[in-house]
Amino acid sequence: MLYPQRNKFRHYIDLSGFWDFRFDPDDKGVGENWRSGFNNSCPIAVPASWNDQFADDRDFLGPAWYQIKFKKPWDGENRKTLIRFGSVNYLSDVWLNGELIGRHEGGHLPFEFDISNKIVSEDNLLVVRVDGRLSNLHVPPSGRPMNNPPTNFDFYPFCGIHRPVLLYVIPNEGIRDITVITSIEDTTGFLDVSIETPNLSKASLSLSLKGYGTELMNTSNIEENVQKVTLEVKNAKFWNPESPNLYDLTINIVKEDSIIDYYSLKVGIRTIEVIGDKLLLNGDPIYLTGFGRHEDFPITGRGYVPAIIIKDYSLMKWIGANSFRTSHYPYSEQMMDLADRLGFLVIDEIPAVGLTFSKDVIDRQLDLCNQYIEELITRDKNHPSVIMWSLANEPHNSLKSGEFFKALYDKARNLDSTRPITIVNMMGVKEKAFKFCDVLCINRYYGWYLQPGSIDEACEVLSKEMDKLYEQHRKPIILSEFGAGSIPGWHAQPPEMFSEEFQAEFIEKYIDVCRNKPYVIGEHVWNLCDFKTSQGITRMGGMNYKGVFTRDRRPKMAAHLLRKLWKGKN
Ligand code: BDP
C-alpha cells in the first residue's frame with residue numbers, strides 16, 4: 001500500500017481539523033436526515049481520540065458519528081480519487097454523500113475506498129460512524145470485568161479517528177504498489193524492486209536510485225502487472241542504526257514518450273537474519289536496547305501528534321535506546337518513516353493482544369489476525385527499520401494456540417520471506433509457537449507480580465527460566481518486557497515497590513541477568529512512559545506507572561540509570 005504523495009501526477013489533501021461529532025448512546029442513529037448531514041453536533045479535533053477531549057463521558061466507547069464537508073480539490077480526468085483513513089478505532093462505517101462506501105474492522109491500520117464515481121465537485125459530505133465498544137468477538141478482545149472499561153489488555157481502549165484522513169488522487173494508469181527487497185554481497189548492495197501496475201500496453205518503467213555519490217538508471221518495457229527490476233549498487237552505504245543511510249528510489253511510468261506517473265521512496269540497503277542464537281544485521285550480531293511503548297498522551301489519547309513522535313525519538317536517543325516494539329498494535333506510518341531516518345530497529349506487532357482462543361471466537365480471531373498481518377506487511381514491508389514481525393502479545397494458554405499461530409506464521413512468511421518472525425510470551429504460559437518462531441520474546445515480571453519486592457530472588461528465577469528455554473529451543477531470546485511501577489517522586493530506602501529506587505534496581509539487575517547470557521539478544525524495558533489504562537485495583541488513577549518517563553515525558557531515576565547503562569553517561 002503506497003502512502004499518498006504530492007507531485008505532478010499525484011496529490012492529496014489532509015482533512016485533519018475540526019469535524020462535527022455526536023455520541024449515539026442508544027445506538028439509534030443521528031436523526032432521520034443524517035444522510036444529508038446530522039444536526040446537534042459539537043466540534044471535535046481529528047485526528048485524536050474522543051475520550052479525553054470533553055469534560056464528560058470519557059469512558060463512552062461508542063457508537064459515535066463524525067461528519068465533514070469538503071469540495072473536490074482537483075479535476076478527476078484519468079485519475080482515481082480515494083479516501084484513506086490512517087487509523088480508526090475500532091469499527092468504521094463510511095458514507096459519502098449519503099451512500100455507504102465501506103466498512104473496516106480493527107483499530108491501527110490504514111484502509112481506503114475508491115470514491116472516483118461518488119465524489120462531486122462542490123459539496124461532499126463524509127460521514128463516519130465509529131464503534132469502539134469492547135467485545136469478545138473483537139481483536140483485541142474485551143475481558144476482565146474487574147477492569148473498567150473491561151478490556152482483556154492493559155491499555156486504555158481509546159476510540160475515534162486516530163490518524164489523518166487523506167483525500168488523494170492517483171493516475172488511472174499509475175503505479176499501484178512497490179516492493180523493495182535488499183541483499184548484500186561484500187560491498188555491493190542489491191535492490192530487487194517489484195512494481196505493480198494496471199494492465200498497460202506500450203509503456204515502460206524507468207527507475208533511478210540516487211544517494212552517496214551513486215546515480216543509477218534502469219529502463220525496461222512493462223510486460224507484466226508485476227514487473228521486477230534488480231539494481232546493483234557498488235560500494236553501497238548500508239543502512240544501520242549508527243548510519244541510517246537512505247537512498248532515493250524514484251520510479252516513472254513512461255507512455256508514448258511522456259511520463260504518466262511518478263513515485264519516490266526512501267530505501268535502505270540492509271539484511272536481517274537469525275543464525276544460531278544471534279540476530280544479524282548486515283551480517284553482524286546486534287543487541288537491542290530499548291522499550292515496549294504505547295501511542296499515548298494526555299488529551300489526544302492515541303491520536304497522531306507529530307511533536308510527540310519527535311519528543312519520544314529524542315528521549316530514546318538521549319537514553320541510548322536503539323530499538324522498540326510497537327506494543328501492542330502498529331504505530332503511525334510517520335513513526336515508521338522516522339525510524340528509518342533516525343536508525344531505530346523496530347519489532348512490528350499486530351494488534352493481537354489478550355487472545356483467548358475460546359471455542360466460540362477462535363475462528364473469528366484467526367480471520368482478524370490474518371487480516372491484520374496482511375495489512376501490516378503490506379503497509380510496512382519497505383521499511384529498513386522493521387527487523388521483525390510480531391504475531392501477538394501474550395496470548396493465553398490454549399491447546400489450539402500452536403495451530404493458530406502456525407497458520408499465522410505461514411501467512412506472514414508467505415507475505416515476507418526476509419524478516420524473522422516472533423511471538424511475545426506471557427509469564428507462566430508455555431508458548432507452543434516457540435517451536436516455529438525464529439526469535440523468542442518473553443515478558444517477565446518476577447519481583448513484581450510474583451516474588452513481589454524480592455529482586456534477587458526474581459533474578460534467580462529469571463536466569464534459570466531463560467537457560468531452560470534456550471536449552472529447549474536453541475533460538476535467540478529477547479526480554480521484551482520487564483519493569484516495575486514507580487509513582488513519580490515516590491522514594492524509599494531500602495527500595496520498595498512503587499518507589500523510583502525499586503524500579504531502577506529492578507531494571508539494573510534484570511539487565512545484568514541478560515548481559516550474562518550470550519543467547520539473549522535484547523532488553524526492552526516496559527515501558528518508555530507511564531500510560532493510561534482501565535481503572536482497576538492494581539492501576540492507581542487508571543494509570544500504568546511502569547514508564548521510565550512520566551506520561552508527560554519527564555525522566556524518573558530509572559531513565560538516568562538506563563542512560564548510564566546504555567550510553568555510559570550520567
Ligand atoms: C504485560 C503486558 C503489558 C502490560 C504489562 C504490565 O504485555 O501490556 O502493561 O504486562 O502488567 O503483561 O504492566
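Because the structure is predicted, anything quoted here is derived from the model rather than measured. (Residues numbered from 1 in each chain as written. Predicted model: local features only at pLDDT ≥ 70, side-chain atom pairs only at ≥ 80, totals over all residues. Heavy atoms only, no water.)

Engineer: When you look at the sheet that holds strand E23 (residues 288–292) in this model, what are you seeing that I'm missing?
Structural biologist: Strand pairing in a sheet relies on backbone hydrogen bonds. The paired strands run either parallel or antiparallel. Pairing is parallel around the closed barrel formed by eight strands, whose spatial order is E23-E24-E25-E26-E27-E28-E29-E30. Put simply, the sheet's adjacent strands are angled 25° from each other on average, direction ignored. Strand direction decides the pairing type here: strand E28 (residues 439–443) and strand E29 (residues 477–481), joined by four bridges, are parallel. Opposite leucine 440, over in E29, you have isoleucine 477 as the bridge partner. Against the sheet, helix H4 (residues 401–415) engages strand E26 (386–393) and strand E27 (421–425), with an angle of about 155° to E26. (Pairing = 2+ DSSP bridges. Helix = DSSP H or I, 4+ residues; strand = E, 2+ residues; numbered from the N terminus. Axes fitted to C-alpha atoms, helices over the stretch in contact; angles between N-to-C directions. Contact = heavy atoms within 4.5 Å.)

Engineer: Honestly, the domain arrangement of the protein chain in this entry has me stumped. Any pointers?
Structural biologist: When the parts of a complex come together, some accessible area is lost, and that lost area is often taken as the interface size. Each assigned domain of the protein chain is listed here: domain 1 (11–170), domain 2 (177–267), domain 3 (285–321 + 444–570) and domain 4 (322–442). Taken residue by residue, the interface counts ten residues in domain 2 and twelve residues in domain 4. Both faces combined, the contact of domain 2 with domain 4 buries some 900 Å², and carbon together with sulfur accounts for 63% of it. Contact with domain 4 buries area across many residues of domain 2, yet Trp239, Pro241 and Leu246 alone supply 49% of it, more than any other trio. In this assembly, domain 2 and domain 4 are joined by one salt bridge. Of the charged contacts in the structure, one is a salt bridge between lysine 381 and aspartate 177, with a shortest N-O distance of 2.7 Å. Broken down by element, the residue count for the side of domain 2 that touches domain 4 peaks at five residues, all from strand E13 (residues 177–185). The residue makeup of the side of domain 2 that touches domain 4, split by class, is eight nonpolar, one polar and one charged. (Domains from an automatic or database assignment. Buried area = accessible area lost by both parts, 1.4 Å probe. Salt bridge = Lys/Arg side-chain N within 4 Å of Asp/Glu carboxyl O. Nonpolar A, V, L, I, M, F, W, Y, C, P; charged D, E, K, R; others polar.)

Engineer: I tried to follow the site of the ligand on my own but got confused; where do I start?
Structural biologist: Around the ligand, a shell composed of 13 residues is seen, among which Asp154, His328, Glu394, Tyr449 and Lys546 lie nearest. Taking histidine 328, its side chain carries an N or O atom lying 2.6 Å from an oxygen atom of the ligand. Expressed as a share of its isolated accessible area of 320 Å², the protein-covered part of the ligand is 90%. When grouped by side-chain class, the residues that make up the shell around the ligand number four nonpolar, four polar and five charged. Taken domain by domain, the makeup of the shell around the ligand includes at least three residues from each of domain 3 (285–321 + 444–570) and domain 4 (322–442). (Near = heavy atom within 4 Å. Polar contact = N/O pair within 3.5 Å; in protein donor to acceptor, adjacent residues only side chain to side chain. Areas by Shrake-Rupley, 256 points an atom, 1.4 Å probe, with all protein chains shown as cover.)

Engineer: Explain the pairing of E23 here, please?
Structural biologist: Each regular strand displays side chains that alternate between the two surfaces of the sheet. Burial analysis of E23 places five of its five residues in the buried class, the great majority of the element. The pairing of E23 with strand E24 (residues 323–325) spans three bridges and is parallel. Bridging across to E24, glycine 292 finds its partner in arginine 325. Regarding the hand of the β-α-β motif, the stretch spanning E23, helix H1 (residues 306–319) and E24 is right-handed. (Buried < 20%, exposed > 50% of the residue type's maximum accessible area, 1.4 Å probe, protein only. Right-handed = clockwise from strand over helix to strand, strands pointing away.)

Engineer: Would you mind showing me how to read the packing of aromatic side chains here?
Structural biologist: Working definition: an aromatic ring pair is given by the centre-to-centre distance plus the angle between the planes. Applying the stated criterion to the full structure yields 37 aromatic pairs. For the pair phenylalanine 357 and phenylalanine 404, a centre-to-centre distance of 5.0 Å together with 80° between the ring planes defines the contact as edge-to-face. Separated by 47 residues along the polypeptide, phenylalanine 357 in the loop between strand E25 (345–349) and helix H3 (362–380) and phenylalanine 404 in helix H4 bring together distant segments of the chain. Summarising the burial analysis for this pair, phenylalanine 357 and phenylalanine 404 share the class buried. Ring geometry for phenylalanine 482 against tyrosine 510: centres 5.4 Å apart, planes inclined by 0°, an arrangement best described as stacked. Taken together, the residues phenylalanine 482 in the loop between E29 and helix H6 (500–515) and tyrosine 510 in helix H6 connect sequence positions 28 residues apart. Of the two residues, phenylalanine 482 and tyrosine 510, both sit in the buried class. Over the aromatic face of phenylalanine 436 sits the side chain of lysine 406, whose NZ or CZ is 5.7 Å from the ring centroid. (Phe/Tyr/Trp six-rings, centres within 6.5 Å; stacked < 30°, edge-to-face > 60°. Lys NZ or Arg CZ within 6 Å of the ring centre and 35° of its normal.)

Engineer: Just checking my understanding: could you explain the nonpolar core for this structure?
Structural biologist: Burial of nonpolar side chains together is a common tendency in soluble globular proteins. Counting 88 residues, the largest nonpolar core has Phe291, Phe405 and Val548 as its most contacted members. The next biggest cluster of nonpolar side chains, apart from the first, holds 33 residues, and it includes Phe60, Ile68, Ile101 and Val165. (Core = buried A, V, L, I, M, F, W, Y, C linked by side-chain atoms within 4.5 Å.)

Engineer: Is there a simple way to think about the state of the cysteines in this case?
Structural biologist: One covalent bond between the sulfur atoms of two cysteine residues makes up a disulfide. Applying the stated criterion across every chain yields a total of zero disulfides. Left without a disulfide partner, cysteine 42 is nearest to the cysteine sulfur of cysteine 159, which lies 15 Å away. Not part of a disulfide, cysteine 459 finds its nearest cysteine sulfur in cysteine 514, a span of 9.0 Å. Exposure remark for cysteine 459: the relative accessible area of 9% places this residue in the buried category. (Disulfide = S-S within 2.5 Å.)

Engineer: For this particular structure, what's the right way to read unusual backbone geometry?
Structural biologist: Comment: phi is negative for the bulk of residues other than glycine, and the bulk of peptide bonds are trans. The amide bond that connects asparagine 148 to the next residue, proline 149, takes the cis arrangement and shows omega of -5°. In this structure, proline 149 sits in the loop between strand E10 (124–131) and strand E11 (160–161). Residues glutamine 493 and proline 494 are joined by a peptide bond in cis, for which omega reads 0°. Tracing the backbone through its elements, the reader meets proline 494 in the loop between E29 and H6. In this structure, asparagine 235 is a non-glycine residue whose phi angle is positive, near 45°. In this fold, asparagine 235 is placed in the loop between strand E17 (226–233) and strand E18 (247–255). Residue asparagine 235 is classed as exposed on the basis of its relative accessible area of 60%. The backbone phi angle of phenylalanine 498 is positive, close to 80°, even though this residue is not glycine. Along the polypeptide, phenylalanine 498 turns up in the loop between E29 and H6.

Engineer: Would you take a moment to explain the side chain of asparagine 393 for this structure?
Structural biologist: Along the polypeptide, asparagine 393 turns up in strand E26. Given the relative accessible area of 3%, asparagine 393 is considered buried. Among the polar contacts made by the side chain of asparagine 393, one reaches the side chain of arginine 325 at a distance of 3.0 Å. Sequence-distant contacts of asparagine 393, defined by excluding residues within four places in its chain, comprise Arg325, His328, Glu349, Ala352, Val353, Gly354, Val424, Asn443 and Glu481.

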